[in-house]
Amino acid sequence: MSFKTRFFLYGLLLLGLLVVPFVGIYPVLIMKLLCFMLFASAFNLLLGYTGLLSFGHAAFLGGSAYVAGHAIKAWGLPPELALLLGTAVGALLGLVVGFVAIRRQGIYFTMITLALAQMLFFFFLQAPFTGGEDGLQGVPRGTLLGFIDLRDDVTMYYVTLAIVTAGVLFIMRVVHSPFGQVLQAIKENEPRAISLGYDTQRFKLLVFVLSAALSGLAGSLKTVAMGFATLTDVHWAMSGSVVLMTLVGGLGTLSGPLVGAAVVIALENKLGEVGHWLAQATGISWFDTLGESVTMVTGLIFVICVLAFRRGVMGELIALIERLRGRKPGGGSGGAQAQRPADQHA
């Protein structure tokens, strides 16, 4: 996909997000979606571009969410400092987990991240400042930089949009940097990267910490926007959800996690309404139970994507565009530029 096409599509998406508060769409729901877009993009940086499957990323999202919420509610920190603190906590947790897990590969790496994340889950379940099963409730939004009142939903929405946009642009810059090229080399052939003189363990630890920090920013921002943090944010099922978002949207594409997050969050929040509408339209009462079957529907979508759309929504779309342009996906007429995966630019 050419640069002009990408620029046009991303600009169109940003324009659509800018007008959301004026078209009758509930801004709080879109703020939640934006936070998960950043979370999925951060996870995709680790899995899609480095080939590391972490099943404990909920620890960074939820841990930072709790810390940022507690800092605002109990310590009276302004939201900007709470966001920075949450990001730092995510990076610190990523450093600890990554230092332990990065020495292993494949399923062993995945299971270590899951085990450490579950340890953190039980800590937050019993810690006195988290509220236990009730969660951390009533987190005030406060005032950003001393003059931006975040209590207004529209103001909070645009602040969230600005932060998420900056985070996604940063991820794009990382992917297209020399550092990002080394990460993709590690994913494709780690022994060869080692033979070229790269310290792959250091690169993998760095990207793990970077992904955890961005996940922490997403969790902190979610707490500020929504006003609460719960055990759901740190549960292993959240780690599964971000894997689903990435795979459904398109693994190893920049736009895929954005689409995948939109699909999953829309299903979780709107499936009941869709089922009720279908029940009224068709007279089949079974559709009314769709809202109670979100997990089953998302699981079915995951199975369909694995069997029929291996590249995900955006991956298949990019492959189709490349075929229509008369060349193979990721291929070209020759040269190093043509050999790079085409979908990494989308």
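Residues numbered from 1 in each chain as written. Predicted model: local features only at pLDDT ≥ 70, side-chain atom pairs only at ≥ 80, totals over all residues. Heavy atoms only, no water.

Student: Give me the UniProt feature "transmembrane region" (unreviewed entry) in the protein chain: which residues, what numbers.
Tutor: The UniProt record marks residues 7-40, 81-101, 107-125, 156-175, 205-230, 242-266 and 286-309 with the feature "transmembrane region" (unreviewed entry), using the residue numbering of this structure. Taken end to end, residues 7-40 comprises 76% helix and 0% strand; its first and last C-alpha atoms sit 21 Å apart. Taken end to end, residues 156-175 is 100% helix and 0% strand, and its two terminal C-alpha atoms sit 29 Å from one another. (UniProt positions renumbered as here; feature names shortened; annotations may be inferred. Helix = DSSP H or I, 4+ residues; strand = E, 2+ residues; numbered from the N terminus.)

Student: Help me get a handle on helix H4 (residues 79-101), residues and values and all.
Tutor: For H4, with 23 residues, the first-to-last C-alpha span of 32 Å sits near the 33 Å given by 1.5 Å per residue. Inspection of H4 places Pro79, Ala82, Leu83, Gly86, Val89, Gly90, Ala91, Gly94, Val97, Gly98 and Ala101 among the buried residues, and these make up the whole buried set. Residues of H4 that are buried sit in contact with helix H3 (58-73), helix H5 (107-126), strand E1 (143-144), helix H6 (153-175) and helix H8 (200-226). (Expected span 1.5 Å × (residues − 1). Buried < 20%, exposed > 50% of the residue type's maximum accessible area, 1.4 Å probe, protein only. Contact = heavy atoms within 4.5 Å.)

Student: How would you sum up the environment of His70? Please name residues and give values.
Tutor: Within the fold, His70 resides in helix H3. His70 gets classed as buried once you look at its relative accessible area, which sits at 19%. When neighbours within four sequence positions are excluded, His70 is seen to be in contact with Trp75, Phe129 and Leu136.

Student: How would you summarise the packing of aromatic side chains if you had to cite specific residues and measurements?
Tutor: Enumeration according to the criterion identifies 10 aromatic pairs in this entry. Taken together, the ring pairs connect Tyr66, Phe123, Phe124 and Phe129 into an aromatic cluster. If you follow Arg103 out to its NZ or CZ, it ends over the ring of Phe99, 4.6 Å from the centre. It is Arg202 that lies over the ring of Phe203; its NZ or CZ is 5.2 Å from the centre. (Phe/Tyr/Trp six-rings, centres within 6.5 Å; stacked < 30°, edge-to-face > 60°. Lys NZ or Arg CZ within 6 Å of the ring centre and 35° of its normal.)

Student: Pulling in residues and values, what's your account of the pattern of salt bridges?
Tutor: One pass over the full model with this rule turns up four salt bridges. Lys204 is the partner of Glu190 in a salt bridge, and the nearest nitrogen-oxygen pair spans 3.2 Å. Here Glu190 is found in helix H7 (residues 178-195), whereas its partner Lys204 is found in helix H8, with 14 residues between them in sequence. When sorted by exposure, Glu190 lands in the same class as Lys204, which is buried. (Salt bridge = Lys/Arg side-chain N within 4 Å of Asp/Glu carboxyl O.)

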